[in-house]
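# Notes for the structure review
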Amino acid sequence: MSEMTERNRTDGPDTTKDVAPGQTGGRKAVRRGGGDPATRGRTTIADGVVEKIAGLAARDVLGVHTMGSGLSRTFGAMRDRVPGGSKAVTRGVNAEVGEVQTALDLEIVVDYGVSISDVTHAVRENVIAAVERMTGLEVVEVNIAVSDVKLPEDEEEEPETRLQ
């Protein structure tokens, strides 16, 4: 071992734990880092992640027919038909994410005959629970706009395509 290496080993900071009297030391444990591992670094969560969680949680509520405005649903239906396209789970959801808090705006279409106040209450509860559990962020508000009511005799709005 070189003289410099030996000096660094003996003159460096003491990183070993003391062994209690009466115990055989064997190999001494090395103390690494400091404090709780959860405090060593920073986690950022993208708006889109929170929007997906909220969109899926809102769709799970009985009485929510779909999410988004008429125009976004029309474009979404066309996008869903494209091979390789995926369903837009974030349609009708907008999130503002800070370091420890988030705020959400949802636009929903409810089924005819359900209590809108009951549905929006259930959506808020489900969205808040899912977002807070999965992200650890505090949800400060969930604003819900009911943009339409799905009538039982309404056919699914499917835009006509030029391709057959």
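The text that follows walks through the structure, step by step, so that each part is easy to find. (Residues numbered from 1 in each chain as written. Predicted model: local features only at pLDDT ≥ 70, side-chain atom pairs only at ≥ 80, totals over all residues. Heavy atoms only, no water.)

So, about the overall build of the chain. Counting its secondary structure elements, the chain contains 4 helices and 4 strands. Taken from the N to the C terminus, the helices and strands of the chain come in the order α-α-β-α-β-β-α-β. Sorting the 164 residues of the chain into buried and exposed places 25% on the buried side. The long-range share in the chain, meaning contacts at least 24 apart out of those at least 6 apart in sequence, stands at 68%. Carbon together with sulfur atoms contributes 49% to the accessible area of the chain, which is approximately 11,800 Å² in total. (Helix = DSSP H or I, 4+ residues; strand = E, 2+ residues; numbered from the N terminus. Buried < 20%, exposed > 50% of the residue type's maximum accessible area, 1.4 Å probe, protein only. Contact = heavy atoms within 4.5 Å. Areas by Shrake-Rupley, 256 points an atom, 1.4 Å probe, with all protein chains shown as cover.)

The next point concerns the pairing of strand β2 (residues 93-97). The sheet contact formed by β2 and strand β3 (residues 101-111) spans 5 bridges and is antiparallel. The partner of Asn 94 across the bridge, within β3, is Asp 105. Here β2 folds back onto β3 in antiparallel fashion, the turn holding 3 residues. (Pairing = 2+ DSSP bridges.)

Put simply, side chains in a regular strand alternate between the two faces of the sheet. Pairing of strand β1 (residues 64-67) with β3 involves 3 bridges; the strand directions are antiparallel. Across the sheet, residue Thr 66 finds its bridge partner in β3, namely Val 109. With 11 bridges connecting them, β3 and strand β4 (residues 138-150) associate as parallel partners. Each bridged residue has a counterpart across the sheet, and for Asp 105 the counterpart in β4 is Asn 143. What joins β3 to β4 is helix α4 (residues 116-135), and the crossover it makes is right-handed. (Right-handed = clockwise from strand over helix to strand, strands pointing away.)

Geometric descriptors of this kind do not, in isolation, establish any biological role.
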